[in-house]
Amino acid sequence: MNKEKRLQLLTRLRDDNPNPTTELNFSSPFELLIAVLLSAQATDVSVNKATDKLYAIANTPQAILDLGLDTLKSYIKTIGLFNTKAVNTLKTCQMLVTLHGGEVPEDRAALEALPGVGRKTANVVLNTAFGWPTIAVDTHIYRVSNRTKLAMGKTVDLVEQKLLKVVPKEFKVDVHHWLILHGRYTCVARKPRCGACIIEDLCEFKDKTE
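Structural notes, computed from the coordinates. All chains use their own residue numbering, which begins from 1 and follows the written sequence. Residue-level local features of this predicted model are given only where pLDDT is at least 70; pairs of side-chain atoms are given and counted only at 80 or more, and the full residue set underlies all totals for whole chains, interfaces and linings. Hydrogen atoms and water are omitted, and side-chain values are computed over all heavy atoms in the structure.

Turning to the pattern of salt bridges, a few remarks are in order. Each reported salt bridge corresponds to a side-chain nitrogen of Lys or Arg within 4 Å of a carboxyl oxygen of Asp or Glu. Counted under the stated rule, the structure contains seven salt bridges. The closest approach of N and O atoms between aspartate 201 and arginine 12, which form a salt bridge, is 2.5 Å. On the criterion of sequence distance, the pair formed by aspartate 201 in the segment after helix H12 (175-185) and arginine 12 in helix H1 (residues 3-16) is long-range, its members being 189 residues apart. Look at aspartate 201 and you get exposed, because its relative accessible area is 53%. The residue arginine 108 makes a salt bridge to glutamate 112 at a minimum N-O spacing of 3.4 Å. Placement of both arginine 108 and glutamate 112 in helix H7 (residues 108-112) is noted, with a separation of four residues, approximately one turn of the helix. Burial status follows relative accessibility: with a 1.4 Å probe on protein chains alone, a residue under 20% of its type maximum counts as buried, one over 50% as exposed, and anything between as partly exposed. Judged by relative accessible area, which is 32%, glutamate 112 ranks as partly exposed. Members of the salt-bridge network, linked through shared partners, are Glu23, Asp44 and Arg184. Here a strand is any run of E in DSSP of at least two residues, a helix any run of H or I of at least four, and the numbering for each starts at the N terminus.

In structure tokens:
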């Protein structure tokens, strides 16, 4: 895909959704961090159902630590891999209290040092909570980027590197939201909804559906 076509594609996505954000419910960087940590291999809907109840009674690192493991599990047990996520959440809360004064650090290395927090989670927090021009590549973004040929790569890391290289600065803060929503609702995995796609004529996917 050439530079001009990329610009048109991104402009259309922006025009369609000028102020995109995550579908995870949060009201602080900490709430976002925990929601993203819990969202691995789970839907945003399932995470929101759990965190809406959890955050009503505990929405700081110390408050969640005070709940203890069993009570925390009772709030997130409807989310996949909840046992491991509960342990990682408590470890993360402890590190935030001990090392960062109970605040979420605006620092990639510090975020990635937290249990259960990898590069993708750090990218989401830096982008959505702090406004960094990071691009968190998940399965949706990986699929859309390769399928449209916006930014091709054999791994999520390679797609991230390519997107950072080819996406103009003016689109960088919002592009991962546009692509994840596009992959979630239009460019779906099994049968993309090409007939309802606002970038169909710019997309270079060969096996388009009606």
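What follows is about the environment of aspartate 174. For aspartate 174, the position within the fold is in the loop between helix H11 (169-172) and H12. Taking relative accessible area as the criterion, aspartate 174 reaches 21% and is therefore assigned partly exposed. Separated by 32 residues in the primary sequence, aspartate 174 and tyrosine 142 place their C-alpha atoms 16 Å from one another. Once residues lying within four places of it in the same chain are set aside, the contact partners of aspartate 174 are Pro18 and Pro20. Any two residues whose heavy atoms approach within 4.5 Å are treated as being in contact.

Put simply, helix H9 (residues 139-148) and H12 touch, their axes get as near as 8 Å, and they point 90 degrees apart. As judged from the angle between their axes, H9 and H12 are roughly perpendicular. On the side of H9, the interface is formed by His140, Ile141, Arg143, Val144 and Ser145, while H12 contributes His176, Leu179, Ile180, His182, Gly183 and Arg184. In this classification, the charged set is Asp, Glu, Lys and Arg, the nonpolar set is Ala, Val, Leu, Ile, Met, Phe, Trp, Tyr, Cys and Pro, and all remaining amino acids, among them Gly, are polar. The residue inventory of the contact of H9 with H12, partitioned by class, reads four nonpolar, five polar and two charged. Here an axis means a line fitted to C-alpha atoms, over the contact stretch when the element is a helix, while the angle between two N-to-C directions is reported on a 0 to 180 degree scale. Between 65 and 115 degrees an angle is taken as roughly perpendicular, under 35 as roughly parallel, over 145 as roughly antiparallel, and anywhere else as oblique.

Another point: the state of the cysteines. Every disulfide links exactly two cysteines, by a covalent bond between their sulfur atoms. Note that a disulfide, as used here, is simply two cysteine sulfur atoms within 2.5 Å. In total, this model carries zero disulfides according to the counting rule given. No disulfide involves cysteine 187; its nearest neighbouring cysteine sulfur is the one of cysteine 203, lying 6.3 Å away. With no disulfide of its own, cysteine 197 lies closest to cysteine 203 among cysteine sulfurs, the gap being 6.4 Å.

It is at 10 Å that the axes of H9 and helix H10 (residues 156-166) come closest, and there the two elements cross at 60 degrees. On the basis of the axis angle, H9 is oblique to H10. Considering only the axes of H9 and H10, their crossing is left-handed. Between H9, through Ile141, Tyr142, Ser145 and Asn146, and H10, the contact on the second element is made entirely by Val156, Val159 and Leu163. Its residues placed into classes, the contact of H9 with H10 shows five nonpolar, two polar and no charged. Crossing chirality is assigned from the near helix's rotation relative to the far helix, an anticlockwise turn below a right angle marking it left-handed and a clockwise turn marking it right-handed.

The next thing to look at is the nonpolar core. Here, nonpolar core refers to any group of buried Ala, Val, Leu, Ile, Met, Phe, Trp, Tyr and Cys residues whose side-chain atoms link them within 4.5 Å. Ranked by internal contacts, the top residues of the largest apolar core, which has 32 residues, are Phe30, Leu33, Ile64, Leu72 and Leu111. Within the residue set of this core, elements represented by two or more residues are helix H2 (29-38), helix H3 (44-57), helix H4 (61-67), helix H5 (69-76), helix H6 (82-100) and helix H8 (119-128). With eight residues, H2 is the largest single contributor of residues to this core. Those residues within four positions of isoleucine 64 in sequence are excluded, and the remaining contacts are Phe30, Leu54, Ala58, Leu72, Thr89, Leu90 and Cys93. Listed in part, the 24 residues of the second largest apolar core include Ile135, Ile141, Leu150 and Trp178.

So yeah, pure geometry; function would need other evidence.
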